[in-house]
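Close look at the chain arrangement
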Amino acid sequence: MNPQTTASSVTPASAQYLTFWLGEEVLGMDIRTVREIIQCGPMATVPLMPKFLRGVINLRGAVLPVIDLNARFGRPVTRIGKKSCIVIFDAVRSGERAELGLLVDAVSEVLKISAEHIEPPPDFGTTVRRDFICGIAKLGPRFVFLLDPDRALDVQEMASLCEAAQEVGVAAPAW
């Protein structure tokens, strides 16, 4: 390995991705970051939070924030249906591991995708911010948008957005 190359920038020959649906698109995330998948159940809403923070759940005694991935991408909030799931995954905040929930329309499958089937994110044509995607897998006639969770679900950025929402909510007059 080149001394200037970091382990995180090396693309493995193949990797496994958990794939899931958001509307009509299939997205994937590295299975190594996924802890578990649970059925969508009741969530407690948190006042003065941005739309993408759907609420919190009690997961075996721990309070876990749930991120609505549709809302995080600037789309309307997810309409919860029979197939809606919460993907519990590991995120990093200030160098420490934190678990978050990710609300998705439906979980699809785990796919082993080789590096030769992954293209860099396009400059245009997706409904997801380009910096949120680490690549696009071409699997026959379909595409899978591979999320970069460190950017798309950056805990520091989301915390800043939550703080800004609280400040706006506090400053807004009560009519």
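Given the structure is predicted, the values throughout are model-derived calculations rather than measurements.

1. So, the overall build of the chain
- Counting its secondary structure elements, the chain contains 3 helices and 11 strands.
- Sequence separation of 24 or more characterises 56% of the internal contacts of the chain that already satisfy a separation of 6 or more.
- Accessible surface computed for the chain: about 10,500 Å², of which carbon and sulfur atoms make up 54%.

2. Quick word on unusual backbone geometry
- The backbone of Leu48 sits at a positive phi, close to 60°, despite the residue not being glycine.
- Note on placement: Leu48 falls in the loop between strand 3 (34–39) and strand 4 (53–59).
- In this model, Arg60 sits at a positive phi of 50°, which is unusual for a non-glycine residue.
- Among the secondary structure elements, Arg60 is positioned in the loop between strand 4 and strand 5 (62–68).

3. With respect to the packing of aromatic side chains
- In the structure shown here, the tally under the stated rule is 0 aromatic pairs.
- For the cation-ring pair, Arg72 lies above Phe52, with the distance from its terminal atom to the ring centre recorded as 5.5 Å.

4. Some remarks on the sheet that holds strand 10 (residues 133–139)
- Ordered in space as 8-1-2-11-10-9, the 6 strands form an open sheet in which the pairing is mixed. Strands with a single pairing partner mark the edges of an open sheet, and in this sheet they are strand 8 (106–114) and strand 9 (118–119).
- In the sheet, strand 9 pairs with strand 10 via 2 bridges, with the strands oriented antiparallel. Note that in strand 10 the partner of Ile118 across the bridge is Ala137.

5. Notes on the environment of Tyr17
- One can find Tyr17 in strand 1 (residues 14–22).
- By relative accessible area, Tyr17 is classed as buried at 10%.
- Expressed as a C-alpha distance, the spacing of Tyr17 and Thr33, which sit 16 residues apart in the sequence, is 9.6 Å.
- Dropping the residues within four chain positions of it, Tyr17 is found in contact with Gly28, Met29, Asp30, Ile31, Glu109, Val110, Leu111, Ile113, Ile118 and Leu146.

6. Quick word on the pairing of strand 4
- Note: strand 4 against strand 5, 6 bridges, orientation antiparallel. Looking across to strand 5, one finds that Leu53 is bridged to Ile67.

7. Things to note about the pattern of salt bridges
- What the rule picks out here adds up to 8 salt bridges.
- Of the charged contacts in the structure, one is a salt bridge between Lys138 and Glu119, with a shortest N-O distance of 3.2 Å. Residue Lys138 is located in strand 10, and its partner Glu119 is located in strand 9; the two are separated by 19 residues in the primary sequence.
- Glu119 gets classed as partly exposed once you look at its relative accessible area, which sits at 35%.
- Through salt bridges with shared partners, a single network forms among Arg35, Asp90 and Glu99.

Reading guide: rules and limits
- Counting of residues starts from 1 at the beginning of each chain's written sequence and follows it residue by residue.
- Confidence filtering applies because this is a predicted model: local features only for residues at pLDDT of at least 70, side-chain atom pairs given and counted only at 80 or more, and all residues used for totals across whole chains, interfaces and linings.
- Values reported for side chains reflect all heavy atoms of the structure, with hydrogen atoms and water molecules removed beforehand.
- Secondary structure counts use DSSP, requiring at least four H or I residues in a row for a helix and at least two E residues in a row for a strand, with both numbered from the N terminus.
- Every residue pair with non-hydrogen atoms within 4.5 Å of one another is taken to be in contact.
- Surface exposure here means Shrake-Rupley accessible area, sampled with a 1.4 Å probe, where a residue is shielded only by the protein chains that are shown.
- The aromatic pairing rule takes the rings of Phe, Tyr and Trp, using the six-membered ring of Trp, and pairs them if the centres are within 6.5 Å, calling planes under 30 degrees apart stacked, those over 60 edge-to-face and the rest tilted.
- In this scheme, the term charge over a ring applies when either NZ of a lysine or CZ of an arginine sits within 6 Å of the ring centre and within 35 degrees of the ring normal.
- Pairing between strands is defined by DSSP: at least two bridges between them are needed.
- Each residue's exposure class comes from its accessible area (1.4 Å probe, protein chains only) as a fraction of the maximum for that residue type: buried when under 20%, exposed when over 50%, partly exposed otherwise.
- Note on definitions: salt bridges are taken to be side-chain nitrogens of Lys or Arg within 4 Å of carboxyl oxygens of Asp or Glu.

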